[in-house]
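Reading the structure
So the chains spell out like this:
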Amino acid sequence: MNAALLLCRARLLLFFFSLFALFCLSAVSSGQSDEVVQQAPHLLISSIYGDLEQDRPSSVFVVVENNASVSESVANSVSKEQDEFGLNKGNARSITAELISQDDRIQILSGPQVAGLLAGGENTTLQFMALAEGVPLGIYPQELRLNYSWLSDVTVSEEDGTIDFIFNYIDESIGLPLPVLVMMGPRIELSGQEGSVASGEDALLVITLTNRGDETARDLQVQARPTSPFLMVENGNENMSISPGESIDLGFSIFTDENATAGYYALPCSITYQDEQDGETRREEVSALVYVSDRGYSSRLDLYGFLGLLGAAELVWFVLFLLLLLLLLAGGLWLKRRLLRKRRWVR
């Protein structure tokens, strides 16, 4: 009799505990009975930064925010311990984001991004890489596809003294418009050069660089790589910035091999700079076409240099050749005078 009474009391306590748990969970999932508040998550794009460059892989950064609204009464009824068990309906769970191209000329290089869980008021930044090939400058609408789930309600049941909690989730998929700007970016070109270079001498070469793009190139550096017949190149100004449409002049001190043959030679130059938008370091290779002229020696120096190259036998033959040439010149002058005298006698 006593055992049956104790069992009855235990079941009554269990029943009342189930009612209390059901009341708490219903307050968390649906709000109080006199104030029903919809707490489903509301995902949106709060900001976009970054753009795509023509014919170059580029990154776009998207900030996704959960703008779920939670009433003050429901927020006060939800304890921190209950939030830790994931009973907040405003949380967006298992979020995956995918950028979908609406233009065949824009290729998305990044796969779906995992954003995890976002509570109401929280945000996360996602990065997507894409390639815009043959696309004119402008704004192109894309789509950001978000897949997530959220807690719709919790039910409690009691059977044979066992309490069961059932969590019901709803899977959502939404598409958000995402406008993407396609730009040219910085484009550094070699637009001109000045200066003369002679073999065996130091010379100053000035090259002109122009930014043909629509963004500023910062921290620009130019490194010339001397190749034959250039023996040494001293670089000039560095760490400069070029705004779109502007040009700068850079000077180089060049020393050329004294045995260089006159003609045009390429001087390779490596240009590095940083993108104004994301600070990415870029590199471009250009070549300056430099004309190398012969060194201007005097005739005396040229003769001495020529004689120094001759051996003993060649020097003897060279002297005999000069004597023969002098004799021919003297004989020609004597013959000319004789002819002039004969003409005078004939007259």
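What you see is a predicted model; the values in this text were computed from it and never measured. (Residues numbered from 1 in each chain as written. Predicted model: local features only at pLDDT ≥ 70, side-chain atom pairs only at ≥ 80, totals over all residues. Heavy atoms only, no water.)

Turning our attention to the overall build of the protein. Per the secondary structure count, the protein includes five helices and 18 strands. Taking the intrachain contacts of the protein between residues at least 6 apart in sequence as the baseline, contacts between residues at least 24 apart amount to 69%. (Helix = DSSP H or I, 4+ residues; strand = E, 2+ residues; numbered from the N terminus. Contact = heavy atoms within 4.5 Å.)

The subject of this paragraph is the side chain of S58. Within the secondary structure layout, S58 lies in strand 3 (residues 58-66). Residue S58 is classed as buried on the basis of its relative accessible area of 8%. Polar contacts involving the side chain of S58 include one to the main-chain carbonyl oxygen of R56, which spans 3.0 Å. (Buried < 20%, exposed > 50% of the residue type's maximum accessible area, 1.4 Å probe, protein only. Polar contact = N/O pair within 3.5 Å; in protein donor to acceptor, adjacent residues only side chain to side chain.)

What follows is about the pattern of salt bridges. What the rule picks out here adds up to seven salt bridges. E285 is the partner of R225 in a salt bridge, and the nearest nitrogen-oxygen pair spans 3.0 Å. Of this pair, R225 sits in the loop between strand 13 (217-224) and strand 14 (230-234) while E285 is found in strand 18 (residues 281-293), placing the two residues 60 residues apart along the sequence. Judged by relative accessible area, which is 47%, E285 ranks as partly exposed. One salt bridge in this structure joins R282 and D275, with 2.8 Å as the shortest N-O distance. Take R282: its relative accessible area is 4%, and that puts it in the buried class. (Salt bridge = Lys/Arg side-chain N within 4 Å of Asp/Glu carboxyl O.)

Before going further, it helps to spend a moment on the sheet that holds strand 11 (residues 197-198). A sheet is described by the order of its strands in space; here five strands give the open sequence 11-18-17-13-15, paired in mixed fashion. The open sheet terminates on both sides in strands that have one partner only, identified here as strand 11 and strand 15 (240-242). As judged from the 12 bridges shared by strand 17 (residues 263-275) and strand 18, these two strands associate in the antiparallel manner. By the bridge assignment, P268 is partnered in strand 18 with S287. (Pairing = 2+ DSSP bridges.)

Quick look at the environment of E65 now. Topologically, E65 is positioned in strand 3. Expressed as a C-alpha distance, the spacing of E65 and I45, which sit 20 residues apart in the sequence, is 6.2 Å. Beyond its immediate chain neighbours, meaning those up to four positions away, E65 contacts H42, L43, L44, S46, G121, E122 and N123.

Moving on to the nonpolar core. One finds L209, L220, L250 and L267 to be the most contacted residues of the largest nonpolar core, which totals 27 residues. Looking at this core, the elements with two or more residues in it are strand 12 (202-211), strand 13, strand 14, strand 15, strand 16 (247-256), strand 17 and strand 18. Listed in part, the 26 residues of the second largest apolar core include V64, V135, L178 and V182. (Core = buried A, V, L, I, M, F, W, Y, C linked by side-chain atoms within 4.5 Å.)

Let us look at the packing of aromatic side chains. Applying the stated criterion to the full structure yields three aromatic pairs. Arranged with centres 6.4 Å apart and planes meeting at 80°, the rings of F230 and Y265 form a pair that is edge-to-face. Here Y265 lies in strand 17 and F230 lies in strand 14, a separation of 35 residues in the sequence. Residue class for Y265 comes out partly exposed when judged on its relative accessible area of 22%. (Phe/Tyr/Trp six-rings, centres within 6.5 Å; stacked < 30°, edge-to-face > 60°.)

What follows is about unusual backbone geometry. Cis geometry marks the peptide bond from S228 to P229, where omega comes out at 10°. Inspection of the secondary structure assignment puts P229 in the loop between strand 13 and strand 14. We note that D55 has phi near 55°; this positive angle belongs to a residue other than glycine. Mapped onto the elements, D55 comes out in the loop between strand 2 (52-53) and strand 3. We classify D55 as exposed; its relative accessible area is 54%.

Once that is clear, we can look at a negative patch on the surface. Together, E158, E159, D160 and D164 make up a region of like negative charge exposed at the surface. The topology assignment puts E159 in strand 8 (residues 138-159). (Patch = residues over 30% accessible without salt bridge, like charges linked within 9 Å, V, L, I, M, F, W, Y side chains within 5 Å. Areas by Shrake-Rupley, 256 points an atom, 1.4 Å probe, with all protein chains shown as cover. Lys, Arg positive; Asp, Glu negative; His and termini not counted. Charge placed at Lys NZ, Arg CZ, Asp CG, Glu CD.)

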